[in-house]
Amino acid sequence: MQFNGEELTFKRIFTFVFGLFVMSFGVAFSITSTLGTTPISSMAYALALITNLSVGTTTFLFNAGLIVVQFLILQSQFKKKRLLQLINCVVFGYFTDVALYFVSSIPFDASVLMCFAYLVLSIFLIALGIFIYLPSNIAPLPGEGCVEAISIVTGWRFSSVKIGFDATVVALALIMCWLWYTNVFGAVYIGTVISAFFVGFTLRQISNLYRHITGRQINVVHK
């Protein structure tokens, strides 16, 4: 079976699913750290705080909404294969709830040292998850797909759109917490800013280390 010009093998499916699984633990550790979630997860977590729904459920709803946004942006350029991002919505949402269940069972004393240890671990796991899942080239997470859609329509660089997109999501999460939640920094805090800078940096270091050890280059840009 062919998919995106490549044979859809068990290895591709496994790395895709396993990468999302690893990323979900990164999100879980960022939430548990109490220092703020990653930029792309901030809106889902803000919705969870406001509605009392599970983070997995709000992650699904938010990501599904981003697919609708892609359709509105691209219109006639919207390809049916983008609907495969719905698989990500379901899988990543479910994995996030599972990861939060396991991470919340780990003793956590909320000390400054442990909070930052969780934050560092979350950054590493998110970067590692991206490194694992993107090369499978099956379907991007809707956040990335939305950035790509804006880039296609405007002609702006993907990296530039990504910065603006993440900043917008974080700003909306802050506003939502301010309007409907007692703690304005419930979903967004210093860890959100740190993650915004260091996830990409960590991803590059993982890629460089892999190339140094194996002599092979992994493409971490979705095609």
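Definitions and cut-offs
- Residues numbered from 1 in each chain as written.
- Predicted model: local features only at pLDDT ≥ 70, side-chain atom pairs only at ≥ 80, totals over all residues.
- Heavy atoms only, no water.
- Core = buried A, V, L, I, M, F, W, Y, C linked by side-chain atoms within 4.5 Å.
- Buried < 20%, exposed > 50% of the residue type's maximum accessible area, 1.4 Å probe, protein only.
- Helix = DSSP H or I, 4+ residues; strand = E, 2+ residues; numbered from the N terminus.
- Contact = heavy atoms within 4.5 Å.
- Polar contact = N/O pair within 3.5 Å; in protein donor to acceptor, adjacent residues only side chain to side chain.
- Salt bridge = Lys/Arg side-chain N within 4 Å of Asp/Glu carboxyl O.
- Disulfide = S-S within 2.5 Å.
- Axes fitted to C-alpha atoms, helices over the stretch in contact; angles between N-to-C directions.
- Parallel < 35°, antiparallel > 145°, perpendicular 65-115°, else oblique.
- Left-handed = near helix turned anticlockwise from the far one by under 90°.

Draft legend 1. Focus on the nonpolar core. Formed by 44 residues in total, the largest nonpolar core has its most connected members in Leu20, Met23, Tyr45, Ile130, Tyr133 and Ala187. Mapped by element, the contributors of at least two residues to this core are α1 (10-32), α2 (39-51), α4 (85-104), α5 (112-133), α7 (158-180) and α8 (190-214). No other element matches the eleven residues that α5 contributes to this core. Setting aside residues up to four positions removed in sequence, Leu20 forms contacts with Asn88, Val91, Phe92, Phe95, Tyr133 and Leu141. Residues Phe62, Cys146, Val147 and Val161 belong to the second largest nonpolar core, which totals nine residues.

Draft legend 2. Highlighting the side chain of Asn63. With respect to the helices and strands, the residue Asn63 is situated in helix α3 (residues 55-74). Look at Asn63 and you get buried, because its relative accessible area is 6%. Apart from residues lying up to four places away in sequence, Asn63 is in contact with Cys89, Phe92, Pro142 and Gly143.

Draft legend 3. Structural view of unusual backbone geometry. The backbone of Asn52 shows a phi angle near 65 degrees, a positive value even though the residue is not glycine. Tracing the backbone shows Asn52 in the loop between α2 and α3. Backbone geometry at Gln75 places phi at a positive 50 degrees, although glycine is not the residue there. Take Gln75: it is sitting in the loop between α3 and α4. Residue class for Gln75 comes out exposed when judged on its relative accessible area of 57%.

Draft legend 4. Spotlight on the side chain of Arg12. In this fold, Arg12 is placed in helix α1. A distance of 2.8 Å separates the side chain of Arg12 from the backbone oxygen of Ser136, its partner in a polar contact.

Draft legend 5. Expanded view of the environment of Gly164. With respect to the element layout, Gly164 can be found in helix α7. C-alpha of Gly164 to C-alpha of Ile50: the two residues are 114 residues apart in sequence and 25 Å apart in space.

Draft legend 6. Focus on the pattern of salt bridges. Tallied over the entire structure, the rule returns two salt bridges. Between Arg82 and Glu148 there is a salt bridge, and its shortest N-O distance comes to 2.9 Å. Here Arg82, found in the loop between α3 and α4, pairs with Glu148, found in helix α6 (residues 142-154); they are 66 residues apart in sequence, far enough to count as distant. Two residues, Lys162 and Asp166, come together in a salt bridge whose shortest N-O distance is 3.5 Å.

Draft legend 7. Inspection of the state of the cysteines at higher detail. Following the criterion strictly, the structure yields zero disulfides and no others. Cys146 carries a free sulfur, and the closest cysteine sulfur to it, the one in Cys89, is 12 Å from it. Cys146 gets classed as buried once you look at its relative accessible area, which sits at 2%.

Draft legend 8. Geometry of the packing of α2 against α7. Their axes nearest at 8 Å, the elements α2 and α7 cross at an angle of 20 degrees. When the axes of α2 and α7 are compared, the pair comes out roughly parallel. As α2 runs across α7, the sense of the crossing is left-handed. Along its contact with α2, which presents Pro39, Ile40, Ser42, Met43, Ala46, Leu47 and Ile50, the element α7 presents Phe165, Asp166, Val169, Val170, Leu172, Ala173, Met176, Cys177 and Trp180.

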